[in-house]
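Observations on the model geometry
This is what each chain is made of:
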Amino acid sequence: MKKVFGFFALLLTLTSCGGFIKNENGSEHLVQLTSEPVNCTFLYKIESEVSVYDIDDARRYLENRIVDQARPGNAYWITSQRTKPNEWVIFGPERAFVLVANVYDCPYK
C-alpha cells in the first residue's frame, strides 16, 4: 500500500511542475506571432534564459520580460529556441530554455 501511495505522490509532484510562472503587468495581452509581421515597427531583439520544466513557462517568462522593458511593444516573434543543460543540478529542472524573440509594435494587434 505504501508503494502505491508513493507512486501517486510522485506522479502528482511531476504533473504539478508546470505553470509556475504567471502573467504579470498585462503580459497576457501580448500577441505571439507565427511569422515575421508586415507593417509593424521592429523595436528590439530580446533573449531570455530560464530554468523551468515547461516550454509554456519559458514563453510566459519571456512575455513578462518584454512587458518590463521601456518600450514593451504589443507583439513578438520567437526567432529561435533551444535548451541547454543545467550543470550541477540535484533538485530542479535539468535544462534551461533559451528563447530569442523580435519585439514589434503593430497597429492592428
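Preceding this paragraph is the structure being described.
Residues numbered from 1 in each chain as written. Predicted model: local features only at pLDDT ≥ 70, side-chain atom pairs only at ≥ 80, totals over all residues. Heavy atoms only, no water.

1. Section: the environment of valine 38
The condition is simple: Put simply, DSSP H or I for four residues or longer makes a helix, DSSP E for two residues or longer makes a strand, and each gets a number counted from the N terminus.
Position of valine 38 relative to the elements: it lies in the loop between strand S1 (31-33) and strand S2 (41-50). It is 8.7 Å that separates the C-alpha atoms of valine 38 and cysteine 106, two residues lying 68 residues apart in sequence.

2. Side note on unusual backbone geometry
Even without a glycine there, the phi angle at asparagine 39 is positive, about 65°. Its location among the elements puts asparagine 39 in the loop between S1 and S2. The backbone phi angle of tryptophan 88 is positive, close to 65°, even though this residue is not glycine. Along the polypeptide, tryptophan 88 turns up in the loop between strand S3 (75-85) and strand S4 (95-105).

3. Structural notes on the nonpolar core
Going by this rule: Here the nonpolar core consists of buried residues drawn from Ala, Val, Leu, Ile, Met, Phe, Trp, Tyr and Cys, with membership extended through side-chain atoms lying within 4.5 Å. Classification of residues uses two cut-offs on accessible area relative to the type maximum, computed with a 1.4 Å probe and protein chains only: under 20% is buried, over 50% is exposed, and between them is partly exposed. By definition, residues are in contact when any of their heavy atoms lie within 4.5 Å.
Residues Ile46, Leu62, Ile66, Tyr76 and Val103 are the most contacted members of the largest nonpolar core, which totals 17 residues. Setting aside anything within four residues of it in sequence, one finds leucine 62 in contact with Ile46, Ser48, Tyr76, Ile78, Leu99 and Ala101. Cys40, Ala75, Tyr104 and Cys106 belong to the second largest nonpolar core, which has five residues in total.

4. Brief notes about the pattern of salt bridges
This is how the line gets drawn: By salt bridge we mean one thing: a side-chain nitrogen of Lys or Arg within 4 Å of a carboxyl oxygen of Asp or Glu.
Taken as a whole, this structure holds four salt bridges when the rule is applied. Among the salt bridges present, the one from arginine 60 reaches aspartate 57, with a minimum N-O distance of 3.0 Å. With arginine 60 and aspartate 57 both in helix H2 (residues 55-67), this residue pair falls three residues apart, about one helical turn. Several salt bridges share partner residues, and in doing so they unite Asp56, Arg59 and Glu63 into one network.

5. Here's the deal with the pairing of S4
The criterion, for reference: A pair of strands counts as paired when DSSP detects no fewer than two bridges linking them.
Judged by how many residues are buried, S4 sits mostly within the fold: nine of eleven residues are covered. By the bridge criterion, nine bridges tie S2 to S4 in an arrangement that is antiparallel. Of the residues in S4, the one forming a bridge with isoleucine 46 is alanine 101. Direction of pairing for S3 relative to S4: antiparallel, over a ladder of ten bridges. Pairing of glutamine 81 across the sheet is with leucine 99, part of S4.

6. Examining the sheet that holds S2
How we decide: Here an axis means a line fitted to C-alpha atoms, over the contact stretch when the element is a helix, while the angle between two N-to-C directions is reported on a 0 to 180 degree scale.
Ordered in space as S1-S3-S4-S2, the four strands form an open sheet in which the pairing is mixed. One side of each edge strand has no neighbouring strand; the edge strands of this open sheet are S1 and S2. In this sheet, neighbouring strand axes are inclined to one another by 35° on average, regardless of whether the strands run parallel or antiparallel. Relative to S2, H2 is tilted by about 130°, and along the sheet it contacts S1, S2, S3 and S4.

7. Let's talk about H2
What counts is decided by this rule: Helix span, expected: 1.5 Å multiplied by one less than the number of residues in the helix.
A rise of 1.5 Å per residue sets the reference length of H2, with its 13 residues, at 18 Å; its end C-alpha atoms lie 19 Å apart and thus fit the reference within 8%. Every buried residue of H2 is listed here: Asp57, Ala58, Arg60, Leu62, Glu63, Asn64, Ile66 and Val67. Close packing links the buried residues of H2 with S2, S3 and S4.

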